[in-house]
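Structural overview
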Amino acid sequence: MTQMTPSEAFVETMAAHGVTDMFGIVGSAYMDALDIFEPAGIRFIPTVHEQGAAHMADGYSRVTGRHGVCIAQNGPGVTNFVTAIAAAYWAHSPVVAVTPETGSGGIGLGGFQETEQLPIFSRITKYQGHVMRPDRMAEFTGRCFNRAINERGPTQLNIPRDHFYGEIDVEIPGPKLVEHGAGGEESLAEAADLLGEAKFPVIISGGGVIMAGNGGVEALVRLAERLGSPVVNSYLHNDSFPASHELWAGPLGYQGSKAGMKLINRADVVVALGTRLGPFGTLPQHGLDYWPDNARIIQVDIDPYMLGLVKPTDVDIFGDARAAAAAITARLADRELAGDATRSERLAEIRRQKETWESELDQWTHEVDDWSLEIAADSPYMHPRPMLRELERAMPPNAMVSTDIGNICSVSNSYLRFDQPNSFFAAMSFGNCGYAFPTIIGAKVGAPDRPAVAYVGDGAWGMSMMETLTCVRENIPVTAVVFNNGQWGAEKKNQVDFYGRRFVGSEIGGSNWSEIARAMGVQGVRVERVEDVGPALREACNAQRDGKTTVLEVMVTRELGDPFRRDALKKPTRYLNKYKSYE
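This is a predicted model, so every value here is computed, not measured.

**Some points on the overall build of the chain**
When its secondary structure is counted, the chain shows 22 helices and 20 strands. Seen along its three principal axes, the alpha-carbon backbone of the chain occupies a region of about 70 × 65 × 60 Å. By the burial criterion, 57% of the 583 residues in the chain qualify as buried. A separation of at least 24 residues holds for 77% of the contacts in the chain among residues at least 6 apart in sequence. Accessible surface computed for the chain: about 23,400 Å², of which carbon and sulfur atoms make up 50%. Averaging the positions of the 54 positive and the 72 negative side-chain charges in the chain gives two centres separated by 5 Å.

**Some thoughts on the nonpolar core**
Grouped together as the largest cluster of nonpolar side chains are 54 residues, with contacts concentrated most on Ile 203, Ile 264, Leu 273, Ile 298 and Ile 317. Looking at this core element by element, the count peaks at 7 residues for helix H10 (residues 216-227). Residues Val 63, Phe 81, Tyr 89 and Ile 441 belong to the second largest nonpolar core, which totals 48 residues.

**Here's the deal with the pairing of strand E7 (residues 155-160)**
In terms of residue burial, E7 counts as a mostly covered element, since 6 of its 6 residues are buried. Residues Thr 155, Leu 157 and Ile 159 point to one face of E7 and Gln 156, Asn 158 and Pro 160 to the other, with burial holding for every one of them. In this sheet, E7 lies alongside strand E5 (residues 95-101) in parallel orientation, the contact comprising 6 bridges. Bridge pairing links Val 96 to Thr 155 in E7. Two strands pair when backbone bridges link them, and strand E6 (residues 127-130) and E7 are joined in this way by 4 bridges, in the parallel orientation. Residue pairing in the sheet places His 130 in a bridge with Asn 158 of E7.

**Quick look at the sheet that holds strand E15 (residues 400-403)**
Strand order in the open sheet formed by 6 strands is E16-E15-E17-E18-E20-E19, and the pairing between neighbours is parallel. Strand pairing shows two members of the sheet lacking a second neighbour, strand E16 (424-426) and strand E19 (523-527), which therefore form its edges. Across this sheet, the average inter-strand angle for adjacent strands is 20 degrees, counted without regard to direction. Note that E15 and E16 share 3 bridges and pair parallel. When the bridges of E16 are listed, Thr 403 appears paired with Ala 426.

**Here we look at a nonpolar patch on the surface**
Together, Leu 576, Tyr 579 and Tyr 582 line one region of the surface with nonpolar side chains, adding up to about 320 Å² of accessible area. Looking at the element boundaries, Leu 576 is found in the segment after strand E20 (550-555).

**Concerning the pattern of salt bridges**
Throughout the structure, instances matching the rule amount to 30 salt bridges. Note that Glu 139 and Arg 143 form a salt bridge whose closest N and O atoms lie 2.9 Å from each other. In this pair, Glu 139 and Arg 143 are both assigned in helix H7 (residues 137-150), 4 residues apart and thus about one turn of the helix distant. A salt bridge links Arg 529 to Asp 532; the nearest nitrogen and oxygen atoms lie 3.0 Å apart. Assessed through its relative accessible area of 47%, Arg 529 is described here as partly exposed.

**Description of the packing of aromatic side chains**
All told, the structure shown has 12 aromatic pairs when counted by the stated rule. Consider the rings of Phe 437 and Trp 461, whose centres lie 4.8 Å apart with planes at 65 degrees: the pair is edge-to-face. Residue Phe 437 is found in helix H17 (residues 436-446), and its partner Trp 461 is found in helix H18 (residues 458-464); the two are separated by 24 residues along the sequence. One exposure class covers both Phe 437 and Trp 461, and it is buried.

**A closer look at H10**
Spanning 12 residues, H10 covers 17 Å between terminal C-alpha atoms, matching the ideal 16 Å at 1.5 Å per step. Taking burial as the measure, the 12 residues of H10 include 9 buried ones, the bulk of the element. Within the sequence span of H10, burial applies to Gly 216, Val 217, Ala 219, Leu 220, Val 221, Leu 223, Ala 224, Arg 226 and Leu 227. With its phi angle positive at about 65 degrees, Gly 228 sits one or two positions after the end of H10.

**Let's talk about the sheet that holds E6**
Here we have 6 strands laid out as an open sheet, ordered E3-E2-E4-E5-E7-E6, and parallel in their pairing. With one partner strand each, in any of the chains shown, strand E3 (43-46) and E6 form the two edges of the open sheet. With strand direction ignored, the average angle separating the axes of adjacent strands in the sheet is 25 degrees.

**Let's talk about unusual backbone geometry**
Phi at Met 428 is positive, roughly 55 degrees, even though this residue is not glycine. With respect to the helices and strands, the residue Met 428 is situated in the loop between E16 and H17. Backbone geometry places Asn 475, a non-glycine residue, at a positive phi of 55 degrees. Along the chain, the position of Asn 475 falls in the loop between helix H19 (468-474) and strand E18 (479-484). Here Asn 475 falls in the exposed class, since its relative accessible area comes to 54%.

**Description of the packing of helix H1 (residues 6-16) against H7**
When two helices pack together, their arrangement is given by the angle between the helix axes and the distance between those axes. Between H1 and H7, whose axes approach to 8 Å, the crossing angle comes to 25 degrees. For the element pair H1 / H7, the angle class is roughly parallel. Taken as a pair, H1 and H7 cross one another with a handedness that is right-handed. Taking contact as the criterion, the partners of Pro 6, Ala 9, Phe 10, Thr 13 and Met 14 in H1 are, on H7, Met 137, Ala 138, Thr 141, Gly 142 and Phe 145. Here the residues of the contact of H1 with H7 are counted per class, giving 7 nonpolar, 3 polar and no charged.

The rules behind these values
- Residues numbered from 1 in each chain as written.
- Predicted model: local features only at pLDDT ≥ 70, side-chain atom pairs only at ≥ 80, totals over all residues.
- Heavy atoms only, no water.
- Helix = DSSP H or I, 4+ residues; strand = E, 2+ residues; numbered from the N terminus.
- Buried < 20%, exposed > 50% of the residue type's maximum accessible area, 1.4 Å probe, protein only.
- Contact = heavy atoms within 4.5 Å.
- Areas by Shrake-Rupley, 256 points an atom, 1.4 Å probe, with all protein chains shown as cover.
- Lys, Arg positive; Asp, Glu negative; His and termini not counted.
- Charge placed at Lys NZ, Arg CZ, Asp CG, Glu CD.
- Core = buried A, V, L, I, M, F, W, Y, C linked by side-chain atoms within 4.5 Å.
- Pairing = 2+ DSSP bridges.
- Axes fitted to C-alpha atoms, helices over the stretch in contact; angles between N-to-C directions.
- Patch = residues over 30% accessible without salt bridge, like charges linked within 9 Å, V, L, I, M, F, W, Y side chains within 5 Å.
- Salt bridge = Lys/Arg side-chain N within 4 Å of Asp/Glu carboxyl O.
- Phe/Tyr/Trp six-rings, centres within 6.5 Å; stacked < 30°, edge-to-face > 60°.
- Expected span 1.5 Å × (residues − 1).
- Parallel < 35°, antiparallel > 145°, perpendicular 65-115°, else oblique.
- Left-handed = near helix turned anticlockwise from the far one by under 90°.
- Nonpolar A, V, L, I, M, F, W, Y, C, P; charged D, E, K, R; others polar.

And the structure:
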């Protein structure tokens, strides 16, 4: 045991768990600890807003596989974390939110900047550690870090502000990593038997393949090659299987790959590897109700509560995606598979479907619904789809890309392909606006040698652009591609389809984002022609090597892609006479 202050115990425990970077806004509640971050080897990165800090911690954790850490002043600073921690929860990101609290002697008296901080985060964290005594500072700090990594999700470390002070005798706890196995022997054997009989197996590669760490994607590649099966990415996990591989068939879900959808529709056995089969990622798309209802489903997940939760399953494997893939491959190594006889035909079908889809994307120059044809007819600006295609072609091969929520950002799912894991970051099923830009800043801190690009609609950009100042102040060079069409596109699409083109709250035009960017101290470039999109992105990514952040303001038409879900709304009925004209 060593004598130290609780602040020293807190900082020493973080250092023992490998923390080198923290995101937040300075606050008096934790200033005694903040004062010694630097000699502990911890860089404090001050942000513009606490939500941005937590998103940065999310991006940092997703690209590195390590903890992302954020900290804020008690009360309003901490409550500003909520949206970003909820996003991290659904992304399974090991973020540790450090939440200093009002002093223990005044809790419940309604003092300055007081609120009950534990209930707020209770449903969006994997664990909450509350330091009820100063001498337990190291214990709860270590536990929060261990639980975040081992349970793959955010944790909250709540510390009354007076508990940073005093003298304690303490032993600093180090990391405790739990090794996860492949799953039960019987379920693995049953899975191998099903796959041995499969004539058209298909694998869904989920986020668990990436979260399994080094070797996860490689283990999946070996399984896919043994089966000769097409591999589709689960929704917004486009980096979970290399797009250059001949077995890759593209992502499922909103604006996903028609090739992947048509292939999985033919499956007799589906291996859902490291995915909970979230409902939004398996909905009909492009007019295709593609889920193979008669296929046998093998689901592998490290969270047993996800097994069979969304889709009925035939074999449930409670295990690590990497270990399970390797174990199933080993069981198939010396077996004759029913699918071996049709391997060449299946590979030819994969190739044909992908070529057809790529050709369709090349020819899909604009949306063809009545609204889009009308609104884009006289526009001097670019159609979104050719613009996204050019961004795809110009993207550096090792780039990291984050996408915000919104119409054009979501349409980009058709065009984002990766060969390297830990490359694609989206707000997942939480779907909050203002996610992409701060997240890519955090990813850049975690992987400074990789190009970092955020796709952001102009609505979401208004929420997050102030973090440009973080890039300037802290020398964190990234590229933001801002799609300027002067509207909240996803919601406007609903108003077009269901509400008589009455655009309440969805018109937001009039801003010159590139000019604003220059005023904030970064490069601002306005792009108006498709032929300029690729060169502008390449130049912006190259500028990152010189420490320069660039905002590419991409001017696009006001046409709109398909709604997220046509079944989510219906034509309105009005009973009162004064509202009858609003039917």
